[in-house]
Amino acid sequence: MNRVLLLGAGGFLGRHIHATLAGHTTVRAPSRTRCDPARMELSELTALVARERPDVVVSAAGRIVGSGHDFVQAHVVTTAKLIEAVAVAAPGARLVRIGSAAEYGVVPHGLTVGEDHPAVPVSEYGLSHLAATRLAELAGDAGRVDTVVLRVFNPVGPGMPAGNMLARATAMVRTAMADGADDIALGLHDTYRDLVDVRDVATAVLAATRCAPVGAQRVVNVGSGRATATRDVVRLLADVAGFTGQIRPGGFPPDATRSAAVPWMCADIDRARRVLGWAPAYDLAESLRALWRADGERSERPVAGVAAG
């Protein structure tokens with residue numbers, strides 16, 4: 001049984017990764033207040049790894065909003081420190097980092113993009129992830145650390161952060177249904193995305209902690225293998241919720257600029273099947289139902305200090 005040190009367990013992906021790993025292995029998941037690898041000195045991080053003696057370190061820590069400096073600190077600097085810490089304090093351990101489909105940049109419409117496709121990111125976010133991925137590849141190829149990078153596409157499911165377009169759409173649909181409104185206004189670009197259930201991402205991480213050494217195939221796409229128009233995703237969410245009203249054009253989601261820059265994205269997941277023995281288990285409707293249910297449960301929770309009922 002592997003002993004796993006999970007960093008970033010408090011985030012959207014991290015919470016699901018933690019739950020899945022905990023059902024199969026021993027997991028140590030220090031809180032961000034105790035362990036923020038972007039802020040810790042290398043000596044502190046090395047000492048933490050030495051104390052925990054992990055067989056695998058999973059890095060799910062990162063940022064989705066911020067400046068270029070923030071992204072470099074969260075992804076590039078953190079990865080560089082983790083490589084050093086694992087190489088010194090846990091030689092032989094595997095380092096699994098969570099990357100992003102944003103590393104690819106713009107790809108031709110209709111293409112299912114494989115891991116060997118040229119990566120030309122168009123955002124500081126994507127560039128920072130790509131630089132971190134390259135560091136992990138170099139360390140692995142040099143034999144310093146056994147590295148695997150999971151290039152995650154667009155995760156969806158219960159617990160999505162509020163700034164995400166689908167979380168925003170969920171809130172708007174719920175409000176419209178409560179108010180008896182027959183339409184909502186939501187700014188949507190003509191984009192296509194590969195949406196993968198966050199629970200499937202978690203099982204891919206589990207597979208990455210257990211698979212045989214990956215050799216040169218250190219980067220592995222984690223997606224659904226299907227691209228869906230953003231407008232169709234929101235309509236499907238509304239249908240799942242039971243909202244029959246119209247969805248009309250109106251304002252823009254917080255990530256509008258970054259989303260519009262990449263009109264199409266779809267993963268080739270053949271390598272994940274071959275290297276990890278992994279394939280997604282949830283379809284999009286199931287993911288959206290889980291998102292809707294979890295959002296409803298969160299909305300029904302009493303506010304701290306206020307009696308329910």
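Further up the page is the structure itself.
We now turn to the structure provided with this report. This one's a predicted model, so the numbers in the text were calculated from it and none came from an experiment.

Some words on the side chain of R94
Right, on to step 1. Tracing the backbone shows R94 in strand β4 (residues 94-100).
Right, on to step 2. Relative accessible area serves as the criterion here: at 6%, R94 is assigned to the buried category.
Right, on to step 3. Within the local environment of R94, its side chain forms a polar contact with the backbone oxygen of A208, the two atoms lying 2.7 Å apart.
Right, on to step 4. When near neighbours in sequence (up to four residues on either side) are disregarded, R94 contacts D55, V56, V57, D146, V148, A208, T209, R210, C211, A212, P213 and V214.

Regarding the sheet that holds strand β1 (residues 3-7)
Right, on to step 1. On the basis of which strands lie adjacent, the open sheet formed by six strands has the order β2-β1-β3-β4-β5-β10 and parallel pairing. This sheet does not close on itself; its edge strands, each paired only once, are β2 (26-28) and β10 (219-222). Pairwise comparison of adjacent strand axes, ignoring direction, gives a mean angle of 25° for this sheet.
Right, on to step 2. Strand direction decides the pairing type here: strand β3 (residues 56-59) and β4, joined by four bridges, are parallel. Each residue of the ladder has a partner; that of V57, found in β4, is L95.
Right, on to step 3. Here helix α4 (residues 124-141) sits on the sheet in contact with β4, β5 (146-152) and β10, set at roughly 155° to β5.

What about the packing of helix α2 (residues 42-52) against helix α3 (residues 68-89)?
Helix packing geometry: the angle between the two helix axes and the distance between the axes.
Right, on to step 1. For the pair α2 and α3, interaxial distance at closest approach is 9 Å and the crossing angle is 45°. Considering their axes alone, α2 and α3 lie oblique with respect to each other. Taken as a pair, α2 and α3 cross one another with a handedness that is right-handed. Two secondary-structure elements touch here, α2 through L42, L45, T46, V49 and A50 and α3 through K81, L82, E84, A85, V86, V88 and A89.
Right, on to step 2. Among the residues making up the contact of α2 with α3, the classes are represented as nine nonpolar, one polar and two charged.

Some points on the pairing of β5
A regular strand places its side chains so that they alternate between the two faces of the sheet.
Right, on to step 1. Within β5, six of the seven residues are buried, which leaves the element mostly enclosed by the surrounding structure.
Right, on to step 2. The pairing of β4 with β5 spans seven bridges and is parallel. Bridged to V96 within β5 is V148.
Right, on to step 3. With α4 bridging β4 and its parallel neighbour β5, the resulting β-α-β unit is right-handed.

Criteria and thresholds
Residues numbered from 1 in each chain as written. Predicted model: local features only at pLDDT ≥ 70, side-chain atom pairs only at ≥ 80, totals over all residues. Heavy atoms only, no water. Helix = DSSP H or I, 4+ residues; strand = E, 2+ residues; numbered from the N terminus. Buried < 20%, exposed > 50% of the residue type's maximum accessible area, 1.4 Å probe, protein only. Polar contact = N/O pair within 3.5 Å; in protein donor to acceptor, adjacent residues only side chain to side chain. Contact = heavy atoms within 4.5 Å. Pairing = 2+ DSSP bridges. Axes fitted to C-alpha atoms, helices over the stretch in contact; angles between N-to-C directions. Parallel < 35°, antiparallel > 145°, perpendicular 65-115°, else oblique. Left-handed = near helix turned anticlockwise from the far one by under 90°. Nonpolar A, V, L, I, M, F, W, Y, C, P; charged D, E, K, R; others polar. Right-handed = clockwise from strand over helix to strand, strands pointing away.

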